[in-house]
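Letter by letter, the chains look like this.
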Amino acid sequence: MDDGVKQVPNPQAIAHQHVVFEDGLTLDSGVTLPRLVVAYRTYGRLDAARGNAILVCHALTGDQYVAEQHPLTGKPGWWEMLVGPGKPVDTERYFVISANVLGGCMGSSGPRSPRDDDETQLWGTDFPAVTIRDMVRAQARLITHLGIARLFAVIGGSMGGMQVLEWAATYPERVFAAIPIATAAYHSAQNIAFNEVGRQAIFADPDWEGGRYWQSGRVPARGLAVARMVAHITYLSEQALTRKFGRRLRAGASVLGPYSDVFEVESYLQHQGSSFVRRFDANAYLAITRAMDYFDLAADHGGDLAQAFAATKTRFCLVSFSSDWLFPTSESRAIVRALNRAAANVSFVEIETDKGHDAFLLDEPDFHRTLRGFLDGCAQHAGLS
Amino acid sequence: MTTAEPLAPVRLLAKNLRVDLELIAGMIAPRTRVLDIGCGEGALIAHLFHTKACDARGIEIDMKLVTQAVAHGLPVMQGDADSDLAHYPDGAFDYVVLSRALQAVGRPREVLRQMLRIGARAVVSFPNFGHWRVRWQLLARGRMPMTSTWDRMWYETPNIHPCTIRDFFELCHREGYAVERWLAADDSGRRAPWRRAPWLANLFGEQAVFLLGVQR
């Protein structure tokens, strides 16, 4: 593992485009954040009727840099394959907005932000617990700030898909079309369990210092990297790992040699872990995984998921991926059935792929055709040119 | 749900798309809510949306066709007539369409019940197993018929519940469904002149389309 990573660039040190809501935000926990900051990016142009806005919700470790070079990593935007001029989410036609989630570490209010009562201190683990609905409320503030009454579409995969569902349930009149991808209406026990392994790895790193690592300027790099490694396994499928690495050994490595990286898959995971540490904050990782774990949309609506979408006019398109075992097709189908019970307009496609959960970020032509076509159809119904 | 290569049931739309669509579409009033079960790539729902301003949606079991439909902007979900209709509330649609798939579902009677629970009316089309060619082949050769409509060997056909026009009238009677309209059509989907006489239709009709309601 990369032991050199003890000091990493502070993601908050970059000037992210943002808006400040001085009246704060009251959270599901009852706590009021005195001051709400939402960092965001936009692509394309808002039309005169303000009707062509699409909100893209990011996943656990994503951010608002959807379709441009990332200011910290220098890598292309995480959904550049899908969002851009002429792409399925066509920025020549739609006005695309993406916000860093509440609790995140790319400029929105989160554990890495200065406290409101003492600007010299960071929130750290004192940052109040947030929920997916809190994230959506923060986004709604941004959307209102941008002068948009109704979003043409809300799109997101994984935790982004949870936000899409929450948007449709909390602000049905503000969402014309909802596209929850590779997601679920609640976080399963298995998924909570994987998140817990990641959190325990962070807690166990002495450099975490009870969550106050920012005081010493160190970061719990080992713990966060292990959390990422575990999570990364859940994003892939067995077939994908086999196809990419199989049982291949690293050049010159011997199974019976000294105890170090032997299999290619090991060094791949370690690389994933150490590069993640350079761009993500450990306390934000704790806060956001907790928000995912809390998520249970049916429980918030009397135990009946159909109630969450009662009388909805939103047009839904659910997409799942056949080899995704983190958010399997059965979870999407359960949402489809709840939407059927609510007599909602719903499209549903399972994309055949061996790439696992990660498929929603990758080149999957059938998925891209589906997304483009669904948006086209909705644009026709919404009367967009 | 996903066998290695699911065989497509006999599809009305395969032969003469326009004529057949219009036979069914002709039974559907404009600006109504329609669910098309076994909608394939969604030709009927596109037709109903564009020509009659219907709120038309579809269910299709074959994922490739679903993907094609959604990629063309049509509201289609992957699902199964036998298991997915139960999730809709009563009276969610004005019409529920089952186009040439009745003979391929596991429990046709239950599917019909569900259709008339979730919709005020059902439009059902099916290939007629009582056609004279089918009867003749069975009589003369003593083997399962192979015609342009029934074109798969008995051991690999997905059409596991074939019925005749007369059988269908009988089932509607038994279940208490009102046959509001019906017609038989020839091979190319054109209306047949003998539509007034059920026994003639049962002999010469290659396919039938029924508009059903629940008897009050």
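Residues numbered from 1 in each chain as written. Chains lettered and ligands numbered in written order. Predicted model: local features only at pLDDT ≥ 70, side-chain atom pairs only at ≥ 80, totals over all residues. Heavy atoms only, no water.

**A closer look at the nonpolar core**
With 116 residues, the main nonpolar core has Ile97(A), Leu102(A), Trp167(A), Phe309(A), Met115(B), Phe168(B) and Leu212(B) as its most contacted residues. Mapped onto the domain boundaries, this core takes at least three residues apiece from domain 1 (16-188 + 298-382) and domain 2 (191-290) of chain A. Residues in contact with Phe168(B), not counting those within four places in the same chain, are Leu102(B), Leu112(B), Val124(B), Phe126(B), Cys163(B), Phe210(B) and Leu212(B). Grouped together as the second largest cluster of nonpolar side chains are 61 residues, Ile181(A), Phe321(A), Ile351(A) and Phe360(A) included. (Core = buried A, V, L, I, M, F, W, Y, C linked by side-chain atoms within 4.5 Å. Buried < 20%, exposed > 50% of the residue type's maximum accessible area, 1.4 Å probe, protein only. Domains from an automatic or database assignment. Contact = heavy atoms within 4.5 Å.)

**Quick notes on unusual backbone geometry**
Residue and element names in this part refer to chain A. A positive phi angle is found at Arg 50, which is not glycine, with a value near 55°. Tracing the sequence through the fold places Arg 50 in the loop between strand S4 (36-43) and strand S5 (53-57). Not every positive phi belongs to a glycine, and Ser 158 is a case in point at roughly 60°. Mapped onto the secondary structure, Ser 158 falls in the loop between strand S9 (151-157) and helix H2 (159-170). Assessed through its relative accessible area of 6%, Ser 158 is described here as buried. (Helix = DSSP H or I, 4+ residues; strand = E, 2+ residues; numbered from the N terminus.)

**Digging into the domain arrangement of chain A**
Residues and elements named next belong to chain A. Domain boundaries assigned for chain A yield domain 1 (16-188 + 298-382) and domain 2 (191-290). Between domain 1 and domain 2, the C-alpha centre-to-centre distance is 26 Å. Contact with domain 1, which involves 30 residues of that partner, is made by 33 residues of domain 2. If you sort the residues of domain 1 by the area they bury against domain 2, Leu 60, Thr 61 and Trp 325 come out on top, with a joint share of 23%. (Buried area = accessible area lost by both parts, 1.4 Å probe.)

**Considerations on the pattern of salt bridges**
All told, the structure shown has 28 salt bridges over all chains when counted by the stated rule. Each of the salt bridges in this network shares a partner with another, and the network as a whole consists of Asp28(A), Arg133(A), Asp134(A) and Arg137(A). (Salt bridge = Lys/Arg side-chain N within 4 Å of Asp/Glu carboxyl O.)

**Regarding the interface of chain A and chain B**
Interfaces are often sized by the amount of accessible area the parts lose when they come together. Each side of the interface is counted separately: chain A has 23 residues, and chain B has 24 residues. Across the interface of chain A and chain B, roughly 1,900 Å² is buried in total on both sides, 56% from carbon and sulfur atoms. There are 1 salt bridge connecting chain A and chain B. Ionic pairing is found between Asp84(B) and Arg337(A), a salt bridge with its closest N-O pair at 2.9 Å. Element by element, the count of residues in the side of chain A that touches chain B is highest for helix H11 (residues 365-382) of chain A, at 8 residues. Among the residues making up the side of chain A that touches chain B, the classes are represented as 8 nonpolar, 8 polar and 7 charged. (Nonpolar A, V, L, I, M, F, W, Y, C, P; charged D, E, K, R; others polar.)

**Structural notes on the state of the cysteines**
Among covalent bonds in proteins, the disulfide is the one between the sulfur atoms of two cysteines. This model, assessed by the stated rule, comprises 0 disulfides over all chains. Its sulfur unpaired, Cys105(A) is 17 Å from the next cysteine sulfur, which belongs to Cys57(A). (Disulfide = S-S within 2.5 Å.)

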